[in-house]
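Notes for the structure review
Next come the chains, spelled out residue by residue.
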Amino acid sequence: YRLLEDHPAEGGALCRLAMVFRDQARHAAAREALAAALAIVDGLDDRWTATVRRQLGIVERNDSRFAEAWPYFEQARDSFLALVDLRSVAMVDRNMGDQLRAAGELDDSAGRLQSALQQFRTIDDVRWTARTELSLADTRRQQQDWDGAREHQRRAAETFVSIADRPAQGRAWRTLAL
């Protein structure tokens, strides 16, 4: 992509490479690839810039660097709002809710996740609605709201059944049984 001078594609390729590193818990390598991607796409492509910032937030959160993650999430969310990309706004809200739960801020986590859940329902994204229900169940469990946790878990499991997502369905039912 560099030889073709296709900068957004080059940034996108680096972002995808970083996601592989992220999934391998190679936080430093993911951070480095994302920083390189951001240097390429920042100012050239608003959507890729926001996507890279969201991914940087996820890497920092996964590395328990919550203070570093939050500004990336906020910047990504603001950019996605400006682009009127409601699905991506909901994704960032879900990421922020998960981070707040990891940081022990359970009430704020529940609020942010509830907002993401409503946004996913509004745009009729069934799979991410169910995944957000699972995140809310995790937050409710940590709040010791057992009935709320079970209800979110049950709705997620039923949704995964309805869309025939067997791996997610199995995880949801197993957790519900606990």
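Analysis parameters
Residues numbered from 1 in each chain as written. Predicted model: local features only at pLDDT ≥ 70, side-chain atom pairs only at ≥ 80, totals over all residues. Heavy atoms only, no water. Helix = DSSP H or I, 4+ residues; strand = E, 2+ residues; numbered from the N terminus. Contact = heavy atoms within 4.5 Å. Areas by Shrake-Rupley, 256 points an atom, 1.4 Å probe, with all protein chains shown as cover. Salt bridge = Lys/Arg side-chain N within 4 Å of Asp/Glu carboxyl O. Buried < 20%, exposed > 50% of the residue type's maximum accessible area, 1.4 Å probe, protein only. Phe/Tyr/Trp six-rings, centres within 6.5 Å; stacked < 30°, edge-to-face > 60°. Lys NZ or Arg CZ within 6 Å of the ring centre and 35° of its normal. Axes fitted to C-alpha atoms, helices over the stretch in contact; angles between N-to-C directions. Parallel < 35°, antiparallel > 145°, perpendicular 65-115°, else oblique. Left-handed = near helix turned anticlockwise from the far one by under 90°. Core = buried A, V, L, I, M, F, W, Y, C linked by side-chain atoms within 4.5 Å. pLDDT = per-residue confidence, 0-100.

Turning our eyes to something else, we now look at the overall build of the protein. Looking only at helices and strands, the protein features nine helices and zero strands. Listing the helices and strands of the protein from first to last along the sequence gives α-α-α-α-α-α-α-α-α. Considering only residue pairs separated by 6 or more positions, the protein has 48% of its internal contacts joining residues 24 or more positions apart. For the protein, the exposed surface amounts to about 9200 Å²; the carbon and sulfur share of it is 50%.

To continue, consider the pattern of salt bridges. Going through the model one piece at a time under the given rule, you end up with 18 salt bridges. Across the pair Asp-63 and Arg-31 runs a salt bridge, and its minimum N-O distance is 2.8 Å. Note that Asp-63 is positioned in the loop between helix H3 (46-62) and helix H4 (66-82) and Arg-31 in helix H2 (residues 27-41), a separation of 32 residues in sequence. A relative accessible area of 29% means that Asp-63 is categorised as partly exposed. As a salt-bridge pair, Asp-147 and Arg-150 come within 2.5 Å of each other at their nearest N and O atoms. Of the two residues, Asp-147 and Arg-150 both sit in helix H8 (residues 146-162), three residues apart, roughly one turn of that helix. Using a relative accessible area of 43% as the deciding quantity, one classes Arg-150 as partly exposed. Three or more residues are tied together by salt bridges with common partners; here these are Arg-121, Glu-133, Glu-151, Arg-154, Arg-155 and Glu-158.

This brings us to the packing of aromatic side chains. Scanning the model with the defined rule gives one aromatic pair in all. When the centroid spacing of 6.1 Å and the interplanar angle of 25° are considered together, the rings of Phe-120 and Trp-128 count as stacked. In terms of burial, Phe-120 and Trp-128 fall into one category: buried. The cationic tip of Arg-131 hangs over the ring face of Trp-128; the distance from NZ or CZ to the ring centre is 4.6 Å.

This brings us to the packing of H3 against H4. Direction vectors running N to C along H3 and H4 enclose 155°, while the axes themselves pass 8 Å from each other. Relative to H4, the element H3 lies roughly antiparallel. The crossing of H3 and H4 is left-handed. Between H3 and H4, the residues in contact are Arg-47, Ala-50, Thr-51, Arg-53, Arg-54, Leu-56, Gly-57, Ile-58, Glu-60 and Arg-61 and Phe-66, Glu-68, Ala-69, Tyr-72, Phe-73, Gln-75, Ala-76, Ser-79 and Phe-80, respectively.

Moving on to the nonpolar core. Side chains of a nonpolar character, in soluble globular proteins, are inclined to be buried together. Counting residues in each nonpolar core, the largest one holds 14 residues, and the members touching the most others are Ala-18, Ala-30, Leu-34, Val-52 and Leu-56. Among the secondary structure elements, those contributing two or more residues to this core are helix H1 (7-23), H2 and H3. Among residues more than four places away in sequence, those in contact with Ala-18 are Ala-30, Ala-33 and Leu-34. Counting nine residues, the second-largest nonpolar core is a separate cluster that includes Ala-50, Phe-80, Val-89 and Val-92.

Moving on, we come to the confidence of the model for the protein. Interpretation of the predicted coordinates at a detailed level should be avoided for regions scoring low in pLDDT. Model confidence for the protein is summarised by a mean pLDDT of 89, while 89% of its residues fall at 70 or above. The secondary-structure element of the protein with the lowest mean pLDDT is helix H9 (residues 166-177), recorded at 65, while helix H6 (residues 106-122) shows the highest, at 97.

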